[in-house]
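Residue strings, one per chain:
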Amino acid sequence: MKRMVVFFLFLGICSYVLSQASPDKTYLPNIKTISFYKYGDPLSYPIFRLNSTDLLELHFDDLDGGVKNFYYSIQLCNADWLPAQLNYFDYAKGFSQIRINNYKSSSIALTRYTHYQANLPDKNCMPIKSGNYLIKVYLDGDTNKLAFTRRMLVVEEKLNVAMQVTQPFNQQFFQTHHRIQIQLETTNMDIRYPQQQLQLKILQNYRWDNALSMNQPTFIRQGMLQYNNENTMVFPAGKEYRWLNLRSFRLLGDRITKQQNTNAANELFVKEDLPRLPKQYFYYRDLNGLSINETIDNLNPFWNADYAKVHFTFRPIDGLALSQGDLYIIDRKSTRLNSSHANISYAVFCLKKK
């Protein structure tokens, strides 16, 4: 069984339905390596506890170089991640825009860029309600000049949650999926109609594209709700992610076959990948599908690290072209000099409807 990491949180927001258009979007092609996480923990998710001293870190690069006037603002959203119809001062205090004043030009690297970073929330821009928030980063104080948006969860811990990951009994999923069982202790809250008041949201490796939403508990008891549907509360386990280690351009990683560096750019060629569907699963300890910015060649990964053009090769079964479907390279951060690995972890969000 793969290692599981679970977060038990309560969000005081309305029913949660993932919109088809992802709120995590980059609008400018020159913006790269966007990272948003808990302060000091680059493998974490941007979750901020209301009325706490928690801090989040925001990092990104501008490949145009030079110095630009980037601002950010926070926006409370509804269940579908569309802006809530509330006045800004109903969910936040302070200024509606904060300029990002912490920036530094790259050095040593062949690629010229400017690295920007900020710690959130700022004392002059603080959320006062829990819920779904978007961080909007834009140019020159003009919200129509969006650079990118990212999700942030402002939470209040209200419920005790117990979770277990087991092997499904259903033969259809027995060897391919994980079954999730969750128990909520509701004695501290007045929840009389859980199917109308609560919605359970389960994320696999912080992914929203395949998140599970549960409205109806499987069992309702005094002060206790159980969710353990055999057919719906399952995730495909899959294989381990293929990793890519770009910590150094001098010492090549084990999956890099060659490099072609010039005075202006770096080019790396990845070892040819083959289908792994018929092969037996093999476990190795890794970073649960996340990536981090690291370098072993220079001092600081934020402005000493470099970019590279990476060439991927995939050989289908028997070397035949794919007759159906598409081939995707999933890059969760678009980072420079990073190491990207995978395992399985789960986060559980219990959401209250208004």
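Anything mentioned here points back to the structure above.
Caption draft 1: Molecular detail of unusual backbone geometry. In this structure, the amide linkage connecting L120 to the following residue, P121, adopts the cis form with an omega of -5°. As for its position among the elements, P121 is in the loop between strand 10 (114-120) and strand 11 (125-127). Notably, T33 is not glycine yet its phi reads approximately 50°, a positive angle. Along the chain, T33 turns up in strand 3 (residues 31-38). The phi torsion at N51 lies on the positive side, around 60°, for a residue other than glycine. Mapped onto the secondary structure, N51 falls in the loop between strand 4 (47-49) and strand 5 (56-62).

Caption draft 2: Just the sheet that holds strand 5, in detail. Spatial ordering of the open sheet is given by 3-5-10-9, a layout of four strands whose pairing is antiparallel. In the strand order of this sheet, the two ends are held by strand 3 and strand 9 (102-105), each with one partner. Across the sheet, the axes of successive neighbouring strands diverge by a mean angle of 15°, strand direction being ignored. Alignment of strand 5 against strand 10, held across seven bridges, turns out to be antiparallel. From the neighbouring strand, E57 faces strand 10, where its bridge partner is N119.

Caption draft 3: Molecular detail of the environment of K93. Turning to its location among the elements, K93 is positioned in strand 7 (residues 92-94). In sequence terms K93 and C125 are 32 residues apart; their C-alpha atoms lie 5.9 Å from each other. If we ignore the near neighbours within four places in the chain, the residues touching K93 are Y88, N124, C125, M126 and I128.

Caption draft 4: Region of interest: the packing of aromatic side chains. Inspection of every chain in the model, using the stated rule, returns 12 aromatic pairs. Summarising the aromatic geometry, the rings of Y88 and Y91 are spaced 5.5 Å apart at their centres and angled 75° between planes, so their arrangement reads as edge-to-face. Judged on exposure class, the residue Y88 and its partner Y91 are both buried. Of the aromatic side chains, those joined through ring pairs into one cluster are F60, F70, Y103, Y116 and F148. The ring of W81 has R151 lying over it, and the distance from NZ or CZ to the ring centre is 5.3 Å.

Caption draft 5: A look at the environment of F282. Along the chain, the position of F282 falls in the loop between strand 23 (267-270) and strand 24 (291-293). Taking the C-alpha atoms as reference points, F282 and K239, 43 residues apart in sequence, are found 7.8 Å from one another.

Caption draft 6: Seen up close, the sheet that holds strand 25 (residues 309-311). What the three strands build is an open sheet, ordered 22-23-25; its pairing is mixed. Two strands lie at the open edges of the sheet, namely strand 22 (256-259) and strand 25, each paired on one side alone. Neighbour to neighbour, the strand axes of the sheet diverge by 25° on average, direction disregarded. In this sheet, strand 25 lies alongside strand 23 in parallel orientation, the contact comprising three bridges. For E267, the partnering residue across the bridge sits in strand 25 and is K309.

Caption draft 7: A look at the pattern of salt bridges. The final tally for this structure, using the stated rule, is 14 salt bridges. Taking the shortest distance from any N to any O, the salt bridge between D209 and R207 comes out at 2.7 Å. Overall, D209 belongs to the exposed group, its relative accessible area being 58%. Residue class for R207 comes out partly exposed when judged on its relative accessible area of 25%. As a salt-bridge pair, R315 and E272 come within 3.1 Å of each other at their nearest N and O atoms. Of this pair, R315 sits in the loop between strand 25 and strand 26 (338-340) while E272 is found in the loop between strand 23 and strand 24, placing the two residues 43 residues apart along the sequence. With a relative accessible area of 42%, R315 lands in the partly exposed category. The network of salt bridges with shared partners includes D62, D64 and K68.

Rules of the game
Throughout, residues of each chain are indexed from 1 in the direction in which the sequence is written. Only residues with pLDDT of 70 or above have their local features reported here, since the model is predicted, and side-chain atom pairs are shown and tallied only from 80 upward, although totals for entire chains, interfaces and linings are computed over all residues. Heavy atoms from the whole structure form the basis of all side-chain values; hydrogens and water molecules are not counted. A run of DSSP states H or I qualifies as a helix once it reaches four residues; a run of E qualifies as a strand once it reaches two. Both are numbered from the N-terminal end. At least two bridges found by DSSP between two strands is the condition for calling them paired. For helices, the fitted axis covers only the stretch in contact; all axes are lines through C-alpha atoms, and the angles between them, taken along N-to-C directions, range from 0 to 180 degrees. Contacts are assigned to residue pairs that have any heavy atoms within 4.5 Å of one another. In this analysis, rings of Phe, Tyr and Trp, with Trp reduced to its six-membered ring, are considered paired at centre separations within 6.5 Å, and the interplanar angle assigns stacked below 30 degrees, edge-to-face beyond 60, and tilted for intermediate values. Partly exposed describes any residue whose relative accessible area lies between the buried limit of under 20% and the exposed limit of over 50%, with all areas from a 1.4 Å probe on protein chains only and scaled to the type maximum. Charge-over-ring contacts are defined here by two conditions on Lys NZ or Arg CZ: a distance within 6 Å of the ring centre and an angle within 35 degrees of the ring normal. Salt bridge, as applied in this entry: a Lys or Arg side-chain nitrogen positioned within 4 Å of an Asp or Glu carboxyl oxygen.

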